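Reading the structure
Read off the chains here:
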Amino acid sequence: MNAAPADQIRLLDVQALDIRLQQLAHKRRSLPEHAEIESLTKDLSQLRDLLVAAQTEESDCAREQTKAEQDVDQVRKRAARDQQRLDSGAVSSPKDLENLQREITSLAKRQGDLEDVVLEVMERRESAQARVAELDERVAAVQAKLDDATARRDAAFGELDGESGSVTKERQVVSASVPADLLKLYEKLREQQGGVGAARLYQRRCEGCQLELNITEVNEVRAAAPDTVVRCENCRRILVRTSESGL
């Protein structure tokens, strides 16, 4: 393949722009905010699970407290009715009086036991409420950190994407001036060779594979016509000659 020396030089410009695009893409993928966001998202998910569990416990305690308070109220009302019957003198039979007094005593004990249950449930509910409040604060704090990290990542994305856009436009302009067959070969080699399809020959060394040409290879390159597209014998990349090639 033949191509004017100037076209081959422009191919190095295309390669430099492609390398810059690769660097920008790598930087975009490697932003420290990615790991930070992943870690914070995991923490936030765990905290939200704990918060839901604490809220469920508080809700269960609230229902249990309501039920216990209703039980206390029923026993209290029943004891009040019995006491009213006792005080009214409506019960005259000694046996009935004894049974009524025994029931009032039993209800008093029952009421005391139920009030103890209410207190115990209230303590558990207060503990659950404190846990909910604590987790609410922790969730808010982690969410704030996550929002900050996301904002920083998005800002970095914007900057990198802006530069990538500019480089892409420049690459389009430069590559349009390279002959189609030469550009096609370059693209094929770039895909095969890890993103580098053309390299400068600098002081008899290929800057693609970093290997120095032997004397036979140097003589072959030196003898090639200026418009001949030379390939590196080691890596097979397009080898672009310049005034610094050392030939």
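The structure this text deals with has already been given above.
In what follows, the accompanying structure is described.

Reading the values: rules and limits
- Residues numbered from 1 in each chain as written.
- Predicted model: local features only at pLDDT ≥ 70, side-chain atom pairs only at ≥ 80, totals over all residues.
- Heavy atoms only, no water.
- Helix = DSSP H or I, 4+ residues; strand = E, 2+ residues; numbered from the N terminus.
- Axes fitted to C-alpha atoms, helices over the stretch in contact; angles between N-to-C directions.
- Left-handed = near helix turned anticlockwise from the far one by under 90°.
- Contact = heavy atoms within 4.5 Å.
- Nonpolar A, V, L, I, M, F, W, Y, C, P; charged D, E, K, R; others polar.
- Salt bridge = Lys/Arg side-chain N within 4 Å of Asp/Glu carboxyl O.
- Buried < 20%, exposed > 50% of the residue type's maximum accessible area, 1.4 Å probe, protein only.
- Parallel < 35°, antiparallel > 145°, perpendicular 65-115°, else oblique.
- Phe/Tyr/Trp six-rings, centres within 6.5 Å; stacked < 30°, edge-to-face > 60°.
- Lys NZ or Arg CZ within 6 Å of the ring centre and 35° of its normal.
- Core = buried A, V, L, I, M, F, W, Y, C linked by side-chain atoms within 4.5 Å.

Leaving glycine out, the prevailing phi sign among residues is negative, and the prevailing peptide bond configuration is trans. Backbone geometry places Gln203, a non-glycine residue, at a positive phi of 50°. In this fold, Gln203 is placed in the loop between strand S1 (198-202) and strand S2 (205-206). Backbone geometry places Arg236, a non-glycine residue, at a positive phi of 70°. When you line up the elements, Arg236 lands in the loop between strand S3 (230-231) and strand S4 (238-241).

Our next topic: the packing of helix H1 (residues 5-29) against helix H4 (residues 180-192). Two numbers describe how H1 lies on H4: the axes approach to 11 Å, and their chain directions differ by 35°. Of the two possible hands of crossing, H1 and H4 adopt the one that is right-handed. Residues Asp7, Gln8, Leu11, Val14, Gln15, Asp18 and Gln22 of H1 pack against Leu182, Leu183, Tyr186 and Arg190 of H4. Among the residues making up the contact of H1 with H4, the classes are represented as five nonpolar, three polar and three charged.

Moving on, we come to the pattern of salt bridges. Evaluated as defined, the whole model comprises 28 salt bridges. Linking Arg236 and Glu233 is a salt bridge whose minimum nitrogen-to-oxygen distance equals 3.9 Å. Residue classification places Arg236 among the partly exposed positions, given a relative accessible area of 35%. For Glu233, a relative accessible area of 46% puts it in the partly exposed group. Here the salt bridges do not stand alone but share partners, grouping Asp18, Arg171, Glu187 and Arg190 into one network.

Take the packing of H1 against helix H3 (residues 94-176) next. Put simply, H1 and H3 touch, their axes get as near as 10 Å, and they point 160° apart. Put simply, H1 runs roughly antiparallel to H3. Here H1 runs over H3; the crossing is left-handed. Contacts from Arg10, Asp13, Val14, Leu17, Asp18, Arg20, Leu21, Leu24, Lys27 and Arg28 of H1 reach H3 at Phe157, Leu160, Asp161, Glu163, Ser164, Val167, Thr168, Glu170, Arg171, Val174 and Ser175. When its residues are assigned to classes, the contact of H1 with H3 shows eight nonpolar, three polar and 10 charged.

We now examine the packing of aromatic side chains. One pass over the structure, following the stated rule, counts zero aromatic pairs. The side chain of Arg28 reaches across the aromatic face of Phe157, ending 3.7 Å from its centre.

Judged by nonpolar contacts, the single largest core of 22 residues is most densely connected at Leu11, Val178, Leu182, Tyr186 and Ile238. At the level of elements, H1, H3, H4 and S4 are the ones that each hand at least two residues to this core. If sequence neighbours within four positions are ignored, Leu11 has contacts with Val178, Leu182, Leu183, Tyr186, Ala198 and Ile238. Counting 12 residues, the second largest nonpolar core, distinct from the first, contains Ile37, Leu40, Ala54 and Leu146.

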